[in-house]
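# Inside the fold
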Amino acid sequence: MAEERELQIHPIMQESMQHNARIVSNIRALTASLFGVAAGTLGLESFPGFLFYLFGTLIISLLIYAFRAEGKPNMYFYKPLADLWMGDLFGGLMSFVLTWTLFYGLVKA
Amino acid sequence: MAGPIEQQIHRDPALFYWILLPITVVMILTGILRHYLSTLLQTTPKKQALLKMREQRHLMRARNMIINHAQISKAAFNKRKEWFADKVKEGTLLESGPDGKAKGKPNPLSDPAMMDGMMGMMKGQMVMMVPQSLIMGWINAFFSGYVIMKLPFPLTPQFKQMLQAGVGTRDLDVRWVSSLSWYFLTLFGLQPVYNFILGSNNAASQVAQQMQMQQQGNPMAGAEDMEKIFAAEVENLEVVEHWYVLDGVEDRLLAKFASSI
Amino acid sequence: MAPIFLTPPTDPHTALSISAQANTFLSAQKTLWSSLPYPLSLFLNTESQEKWTSYENLFLALLRTGDHDSAYTCLEALTTRFGKTNDHILALQGLYQEATAKNKEELEEVMKAYDEVLQEDRTIFSVRKRRAALLRSVGKPEEAIADLTVLLDASPTDGEAWAELSDLYLEVGALEQAVYCLEEVLLVTPHAWNMHARLGEVLYMSAIKMEGGEQTKTLSESMRRFCRSIELCDGYLRGYYGLRLTTSKLLEMLRDGKKGQVATSDPVTGDLAPPSVATVKKLNQLATAKLGEIVRRGTAGEKGWDGYSEAELKAAKALIDSDTQKIER
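Residues numbered from 1 in each chain as written. Chains lettered and ligands numbered in written order. Predicted model: local features only at pLDDT ≥ 70, side-chain atom pairs only at ≥ 80, totals over all residues. Heavy atoms only, no water.

## As for the overall build of chain B
When helices and strands are counted, chain B shows eleven helices and two strands. Each helix (α) and strand (β) of chain B, taken in turn from the N terminus, gives the series α-α-α-α-β-α-β-α-α-α-α-α-α. Considering chain B as a whole, with its 261 residues, one finds that 39% of them fall into the buried category. A separation of at least 24 residues holds for 72% of the contacts in chain B among residues at least 6 apart in sequence. When the accessible area of chain B is evaluated, it comes to approximately 15200 Å², of which 62% is carbon and sulfur surface. (Helix = DSSP H or I, 4+ residues; strand = E, 2+ residues; numbered from the N terminus. Buried < 20%, exposed > 50% of the residue type's maximum accessible area, 1.4 Å probe, protein only. Contact = heavy atoms within 4.5 Å. Areas by Shrake-Rupley, 256 points an atom, 1.4 Å probe, with all protein chains shown as cover.)

Structure follows, in structure tokens:
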């Protein structure tokens, strides 16, 4: 109830939220594929590969936090923990695996 | 056998040019094709009859009243609430008017509006399913019978059946997979690429597809008895605990600017 | 597409600048390839979402500035794309005919055309709205009110229609109904700060005509509406202006200390208690300070403060200066 009231008093613009989420999603997908290329070229295997991905995503989130959200995630995201830090992890993972497999195969043989 | 031995298979680099790249290109192109096909197959929304529209919009107004009741004073809200309750009792807001009250539920198969809804849903599903099955058949026909690459990460042995479809050996490591697995990888992994090429409203990304199917379930629900829906809204209006957004707004405002005065 | 084409021309200044760019825009659309026969012209499809919005806004601006020929070109392009029987195109055609009508008889003919269309299909709301607008422009507000009431009975969630209806009620002087209509708009768009400000203005107008306790109640409600509009939009000049006006008036009245006022909130009718003198004083100070800041920074053209129009800034300056004059006296 209190949250509903809070939302009525200080409303959240749906469009802006979606725009921000889309931007985060795009950034993640792009950087994930690049990380995949790096992981494949380095010849990383299972565990180190995934760790590389998580580590890279963390760095990217930090960069978004510092440069795009200007250190004030509450202004840009309704629930920054879910939207900014754990943004579009699954989609990013898929791109990562795709490019990782491709370059791993290219380099290995 | 001293523990898991690294299985090495030498592969012809030409494999990549002749298999991986063509499959990728085909996947991207079918995605784009799917997007344009579904845009073209969309039917223009049909205009609603006046009375049906009137019924729906009055219902929407009642729902707006419940959601946004804080914007108007209690007296104003009560006035509207009573007006709505009276109208519902008279039955003048219904499509069939106050006389056609006992019409009951229309038959789903004969109601034209819902036929359109169902057709739209089926079309969407067809556009999704047909290319997928076609491509799977194509891959199985042309690219089966050999492993193509090594996955960088291990999987459970159950996947062997699916990913090593045509290969006859039993001891081969699960990491060696056939071209079908590349198909699956691209199926999931190309969604961000579609987002880049086609803009975010594209019909080629799977997640959006699933959401669309859920949203199109709504026309089916419209067949229910409008009278009951209206009566339910009247009750909801009664239950509303009215609070006024202007209550205390000046204090909130002063608190907000307290630092800058 | 230049961003200037994306919003409708609401004031004469914008309309002039849009129509000045009309020629370049129209000639840019006529590329060599678009006049090719059907199959080949598909390849150079320049369709985008903004293209037709720009056409429409250009059309409106050209009609405002009197350039009827170029307006007709735009209308033709729109009709070719969307067809003659499209609802929106019908309304635009009617608008064109109204604008180019030379005397009363021609306007009557336009009215007859609208009636014919509406008889065939009662759901073409765009034409009904045009009819109401035409009635208003020839000076028959009551009939326009009747028209809009019919439309709103069929479609009660149309915020634009409610806002126009409230304007019409104001024209004929029925302030209570105008307030009702504006409340309906707020039910549809609850966070529209310009609507809150408008409602505040209408309440202020009705408060001026009242007396005693009623006046204080309406005046404080008006003040609170302006507060809400500022809460939703920082730096809203219209909100601060209204806040300044209402708080000055309230201070006068509360200082005179009229007896017989309601001092506490009434739980039955939900009326709120009038604000305390201290709160009103603080709000007055806030409004004056903010107005001064906006005027100062707006006229200096500082970055981030250039969204205010000249007329607004002048009016705000006049308001502040009138107060300083009183003090000096």
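After that view, the rundown keeps rolling.
## Comments concerning the UniProt feature "transmembrane region" (unreviewed entry) in chain B
All names here are of chain B. Within the UniProt annotation, "transmembrane region" (unreviewed entry) is assigned to residues 15-37, 127-149 and 180-198. The distance from the first to the last C-alpha atom of residues 15-37 is 32 Å, and the span holds 100% helix and 0% strand. Helix makes up 95% of residues 180-198 and strand makes up 0%, while its end C-alpha atoms are separated by 26 Å. (UniProt positions renumbered as here; feature names shortened; annotations may be inferred.)

## Comments concerning the interface of chain B and chain A
Taken together, the contacts link 27 residues of chain B with 24 residues of chain A. For the pair chain B and chain A, the two sides together bury roughly 2300 Å², of which 71% comes from carbon and sulfur. Counting across the chain B and chain A interface gives zero salt bridges. Here chain B and chain A share zero residue pairs in polar contact (both at pLDDT 80 or more) between them. Broken down by secondary-structure element, the contributors of at least two residues to the side of chain B that touches chain A are α1 (14-41), β1 (147-150), α6 (179-189) and α7 (191-198) of chain B. (Buried area = accessible area lost by both parts, 1.4 Å probe. Salt bridge = Lys/Arg side-chain N within 4 Å of Asp/Glu carboxyl O. Polar contact = N/O pair within 3.5 Å; in protein donor to acceptor, adjacent residues only side chain to side chain.)

## Overview of the confidence of the model for chain B
Averaged over all residues, the pLDDT of chain B is 76; the fraction at 70 or higher stands at 75%. What the predictor reports for the complex is a pTM of 0.80 with an ipTM of 0.82. (pLDDT = per-residue confidence, 0-100.)

## Looking at the interface of chain B and chain C
The partner chain C presents 41 residues to the 33 residues of chain B that form the contact. The interface formed by chain B and chain C includes seven salt bridges. Its salt-bridge partner being B:R252, residue C:E231 comes within 2.8 Å of it at the nearest N-O pair. Taken together, the elements giving at least two residues each to the side of chain B that touches chain C come down to α2 (50-67), α3 (74-90) and α11 (249-256) of chain B. It is α2(B) that provides the largest number of residues to the side of chain B that touches chain C, a total of nine residues. Its residues placed into classes, the side of chain B that touches chain C shows 16 nonpolar, five polar and twelve charged. (Nonpolar A, V, L, I, M, F, W, Y, C, P; charged D, E, K, R; others polar.)

## Observations concerning a nonpolar patch on the surface
Residues A:L30, A:L34, B:F196 and B:I197 make up a contiguous nonpolar surface patch of about 390 Å² in total accessible area. Mapped onto the nonpolar patch, the elements with two or more residues apiece are α2 (14-42) of chain A together with α7 of chain B. With respect to the element layout, B:I197 can be found in helix α7. By relative accessible area, B:I197 is classed as partly exposed at 47%. (Patch = residues over 30% accessible without salt bridge, like charges linked within 9 Å, V, L, I, M, F, W, Y side chains within 5 Å.)

## Comments concerning the nonpolar core
Grouped together as the largest cluster of nonpolar side chains are 40 residues, with contacts concentrated most on B:L253, C:L243, C:L283 and C:L291. Mapped by element, the contributors of at least two residues to this core are α11 of chain B together with α12 (193-209), α13 (212-232), α14 (237-256), α15 (277-300) and α16 (310-328) of chain C. Excluding anything up to four places from it in sequence, C:L291 contacts C:L237, C:Y240, C:Y241, C:R244, C:A316, C:L319 and C:I320. Core analysis: the second largest hydrophobic core is formed by 37 residues, C:F125, C:L168, C:L186 and C:M195 among them. (Core = buried A, V, L, I, M, F, W, Y, C linked by side-chain atoms within 4.5 Å.)

## Concerning the side chain of C:R244
Its location among the elements puts C:R244 in helix α14. The contacts of C:R244, once residues within four sequence positions are left out, are C:N284, C:A287, C:T288, C:L291, C:L319, C:I320 and C:D323.

## Some words on the packing of α1(B) against α6(B)
Residues and elements named next belong to chain B. Relative to each other, α1 and α6 sit at 35°, their axes nearing to 10 Å. You can see that α1 and α6 cross each other, and the crossing is right-handed. For the pair formed by α1 and α6, the contact residues are I19, L20, I23, T24 and M27 on the first element and S179, W182, Y183, T186 and L187 on the second. Among the residues forming the contact of α1 with α6, the class breakdown is seven nonpolar, three polar and no charged. (Axes fitted to C-alpha atoms, helices over the stretch in contact; angles between N-to-C directions. Left-handed = near helix turned anticlockwise from the far one by under 90°.)

## Let's talk about the packing of helix α6 (residues 87-100) of chain C against helix α8 (residues 125-137) of chain C
Residues and elements named next belong to chain C. At a minimum axis distance of 8 Å, the contact between α6 and α8 shows a crossing angle of 20°. One way to sum up the angle between α6 and α8 is to call them roughly parallel. Contacts from D87, H88, L90, A91, L95 and E98 in α6 reach S126, V127, R130 and L134 in α8. In terms of residue class, the contact of α6 with α8 is built from five nonpolar, two polar and three charged. (Parallel < 35°, antiparallel > 145°, perpendicular 65-115°, else oblique.)

## Points about the side chain of A:S61
Residues and elements named next belong to chain A. Position of S61 relative to the elements: it lies in helix α3 (residues 46-68). There is a polar contact of 3.4 Å between the side chain of S61 and the side chain of R28. Look past the residues within four positions of S61 in its chain and what remains in contact with it is R28, L84 and W85.

## A word on the packing of aromatic side chains
All chains considered together, the criterion is met by twelve aromatic pairs over all chains. Relative to A:W100, the ring of A:F50 has its centre 5.4 Å away and its plane inclined at 85°; by these criteria the two rings are edge-to-face. Note that A:F50 is positioned in helix α3 and A:W100 in helix α6 (residues 89-108), a separation of 50 residues in sequence. Among the residues examined, A:F50 registers a relative accessible area of 26% and is labelled partly exposed. Residue A:W100 is classed as buried on the basis of its relative accessible area of 0%. Judged by centre distance (6.3 Å) and plane angle (65°), the ring pair of C:W162 and C:Y180 falls under edge-to-face. With C:W162 in helix α10 (residues 159-172) and C:Y180 in helix α11 (residues 175-188), this pair connects stretches of sequence that are 18 residues apart. With a relative accessible area of 10%, C:W162 lands in the buried category. A network of ring pairs unites the aromatic residues A:F50, A:Y53, A:F96 and A:W100 as a single cluster. Directly above the aromatic system of C:Y180 lies the positively charged group of B:R80, at a separation of 4.0 Å from the ring centroid. (Phe/Tyr/Trp six-rings, centres within 6.5 Å; stacked < 30°, edge-to-face > 60°. Lys NZ or Arg CZ within 6 Å of the ring centre and 35° of its normal.)

## Remarks on a negative patch on the surface
All names here are of chain B. A cluster of like negative charges, contributed by E82, D86, E90, E235 and E238, occupies part of the molecular surface. Counting residues per element, the ones that place at least two in the negative patch are α3 and α10 (226-239). A per-element tally of the negative patch places α3 first, with three residues. You can see E235 is positioned in helix α10. We classify E235 as exposed; its relative accessible area is 56%. (Lys, Arg positive; Asp, Glu negative; His and termini not counted. Charge placed at Lys NZ, Arg CZ, Asp CG, Glu CD.)

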